[in-house]
Amino acid sequence: LHYTSMTSPFHVAANLTSTGQIHSQKGRFAMTSVPVPGDQSAFDIGFPEHPDGDRYVLSLTSTEFHVLCRFQTSTSFRIYARLSGNLPGYEGSGNCSIMILA
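Quick caveat: nothing in here was measured; it's all calculated off a predicted structure.

From N to C terminus, the protein chain includes 0 helices and 8 strands. Listing every helix and strand of the protein chain by position from the N terminus yields β-β-β-β-β-β-β-β. Principal-axis analysis of the C-alpha atoms gives the protein chain an extent of 50 × 25 × 20 Å. By the burial criterion, 31% of the 102 residues in the protein chain qualify as buried. Restricting the contact set of the protein chain to residue pairs at least 6 apart, pairs at least 24 apart contribute 50%. Accessible area for the protein chain stands at about 5,800 Å²; split by element, carbon and sulfur atoms hold 55% of it. Across the protein chain, the mean location of the 6 positive side-chain charges is 3 Å away from that of the 7 negative side-chain charges.

Encoded structure:
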């Protein structure tokens, strides 16, 4: 048994930059990131439909003061990074890691 022969335990998993560029995809499926117009630190994340519908297990981490997700569906959600004053923007590098269990 070798890690390259195992199926990923993640539906999607990747790291994003502050511009929404995706790095290091490690999940079973690829995800997409689209900037939200008018909000420089919000992105719509998309992926193939999850078998648990909109009730999948999501882990979201960031280098920011706080980051949150909203509008979760079986194929997408939106992430927001916020400054300590709860305004759009970045205090750190803006990197985010997203993992959804398969």
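One pass over the full model with this rule turns up 2 salt bridges. With a shortest N-O distance of 2.6 Å, Arg82 and Asp39 are connected by a salt bridge. Residue Arg82 is located in strand S7 (residues 76–82), and its partner Asp39 is located in the loop between strand S3 (32–35) and strand S4 (42–46); the two are separated by 43 residues in the primary sequence. Across the pair, Asp39 and Arg82 agree in class, each one buried.

With that out of the way, let us pick up the sheet that holds strand S5 (residues 58–62). Reading across from one edge, S2-S1-S8-S5 is the order of the 4 strands in this open sheet, with antiparallel pairing throughout. Pairing within the sheet leaves two strands with one partner each, and these edge strands are strand S2 (22–23) and S5. With 6 bridges joining them, strand S1 (residues 10–16) and strand S8 (residues 96–101) adopt antiparallel strand pairing. The residue of S8 that forms the bridge with Ala14 is Ile98.

Our focus in this paragraph is the sheet that holds S4. With respect to topology, 4 strands assemble into an open sheet ordered S3-S4-S7-S6, the strand pairing being antiparallel. Only two strands of the sheet have a single partner each, and these edge strands are S3 and strand S6 (66–70). For this sheet, the mean angle separating the axes of adjacent strands, direction not counted, is 25°. In terms of strand pairing, S4 meets S7 through 5 bridges, oriented antiparallel. Directly across from Ile45, in S7, lies its bridge partner Phe77.

Right, let's talk about empty space enclosed by the protein for a bit. In this structure the tally under the stated criterion is 1 cavity of 30 Å³ or more. By volume, the largest cavity is sized at about 50 Å³. If you trace the largest cavity, you find it lined by Leu16, Thr17, Ser41, Phe43, Val67, Ile79, Tyr80, Ala81, Tyr90, Gly94 and Cys96. Tallied by class, the residues present in the lining of the largest cavity amount to 8 nonpolar, 3 polar and no charged.

Counting 13 residues, the largest nonpolar core has Leu16, Met31, Ile45, Phe47, Phe77, Ile79 and Ile98 as the members making the most contacts within it. Elements represented by at least two residues in this core include exactly S1, S4, S7 and S8.

Parameters and conventions
- Residues numbered from 1 in each chain as written.
- Predicted model: local features only at pLDDT ≥ 70, side-chain atom pairs only at ≥ 80, totals over all residues.
- Heavy atoms only, no water.
- Helix = DSSP H or I, 4+ residues; strand = E, 2+ residues; numbered from the N terminus.
- Buried < 20%, exposed > 50% of the residue type's maximum accessible area, 1.4 Å probe, protein only.
- Contact = heavy atoms within 4.5 Å.
- Areas by Shrake-Rupley, 256 points an atom, 1.4 Å probe, with all protein chains shown as cover.
- Lys, Arg positive; Asp, Glu negative; His and termini not counted.
- Charge placed at Lys NZ, Arg CZ, Asp CG, Glu CD.
- Salt bridge = Lys/Arg side-chain N within 4 Å of Asp/Glu carboxyl O.
- Pairing = 2+ DSSP bridges.
- Axes fitted to C-alpha atoms, helices over the stretch in contact; angles between N-to-C directions.
- 1 Å grid on protein atoms, 1.4 Å probe; cavity = no way out; pocket = protein on both sides within 12 Å on 5 of 7 lines; lining within 4 Å.
- Points joined across faces, edges and corners; volume = space filled by probe spheres on them.
- Nonpolar A, V, L, I, M, F, W, Y, C, P; charged D, E, K, R; others polar.
- Core = buried A, V, L, I, M, F, W, Y, C linked by side-chain atoms within 4.5 Å.

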